[in-house]
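Here is what each chain is made of, one letter per residue.
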Amino acid sequence: MHELSIALSILKVAEEEGGAGVEVIHVRVGELSGVVKEALLSAYEIAREGTPLRRARLVIEEVPVMVDCQRCKGPRRVLSIQQLRCADCQTPASRVLEGRDLQVAALEVSS
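Residues numbered from 1 in each chain as written. Predicted model: local features only at pLDDT ≥ 70, side-chain atom pairs only at ≥ 80, totals over all residues. Heavy atoms only, no water.

Draft legend 1. A look at the nonpolar core. In this structure, Ile10, Ile25, Leu40, Tyr44 and Leu58 are the most contacted members of the largest nonpolar core, which totals 18 residues. At the level of secondary structure, the elements contributing two or more residues to this core comprise helix 1 (2-18), strand 1 (22-30), helix 2 (37-48) and strand 2 (57-63). It is helix 1 that contributes the most residues to this core, five residues altogether. When near neighbours in sequence (up to four residues on either side) are disregarded, Leu58 contacts Ile10, Ile25, Val27, Leu40, Leu41 and Tyr44. (Core = buried A, V, L, I, M, F, W, Y, C linked by side-chain atoms within 4.5 Å. Buried < 20%, exposed > 50% of the residue type's maximum accessible area, 1.4 Å probe, protein only. Helix = DSSP H or I, 4+ residues; strand = E, 2+ residues; numbered from the N terminus. Contact = heavy atoms within 4.5 Å.)

Draft legend 2. Local environment of the pairing of strand 2. Pairing of strand 1 with strand 2 involves seven bridges; the strand directions are parallel. Note that in strand 2 the partner of Val24 across the bridge is Arg57. (Pairing = 2+ DSSP bridges.)

Draft legend 3. Broad picture of the sheet that holds strand 4 (residues 74-77). Read across the open sheet, the three strands follow the order 4-3-5; overall the sheet is antiparallel. Only two strands of the sheet have a single neighbouring strand rather than two, namely strand 4 and strand 5 (96-98). Strand-to-strand, the axes of this sheet are offset by a mean angle of 45°, without reference to chain direction. Of the pairings in the sheet, the one linking strand 3 (residues 66-69) to strand 4 comprises four bridges and is antiparallel in character. When the bridges of strand 4 are listed, Met66 appears paired with Arg77. (Axes fitted to C-alpha atoms, helices over the stretch in contact; angles between N-to-C directions.)

Draft legend 4. A look at a nonpolar patch on the surface. Taken together, the side chains of Leu4, Leu8 and Ile46 present a nonpolar region at the surface, about 270 Å² in accessible area. Structurally, the position occupied by Ile46 is in helix 2. (Patch = residues over 30% accessible without salt bridge, like charges linked within 9 Å, V, L, I, M, F, W, Y side chains within 5 Å. Areas by Shrake-Rupley, 256 points an atom, 1.4 Å probe, with all protein chains shown as cover. Salt bridge = Lys/Arg side-chain N within 4 Å of Asp/Glu carboxyl O.)

These results come straight from atomic positions and should not be treated as a statement about function.
Below, the structure is given as structure tokens:
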């Protein structure tokens, strides 16, 4: 379960940036990142025990796959992650714009 190592890394970043006062950690997880939301939440619960951030909540924003559609001339969602085609016109995607994300987006820190 690589989500446990990801959870540990998230905690490390949050502690380095916000210290023990971090109350909420906001993370962006793309559909193509290979991270399973439920597994990450479960791993996070285990990883935070016994740390200065044991009370910090993890909020996950799921980022859909967006591609650059040549026919529609702009960013579009895909039919599915198995079919990287424009959801509007079904043209095969030329370039993935979003959806590979895995980042700590924001920290809510107590004052």
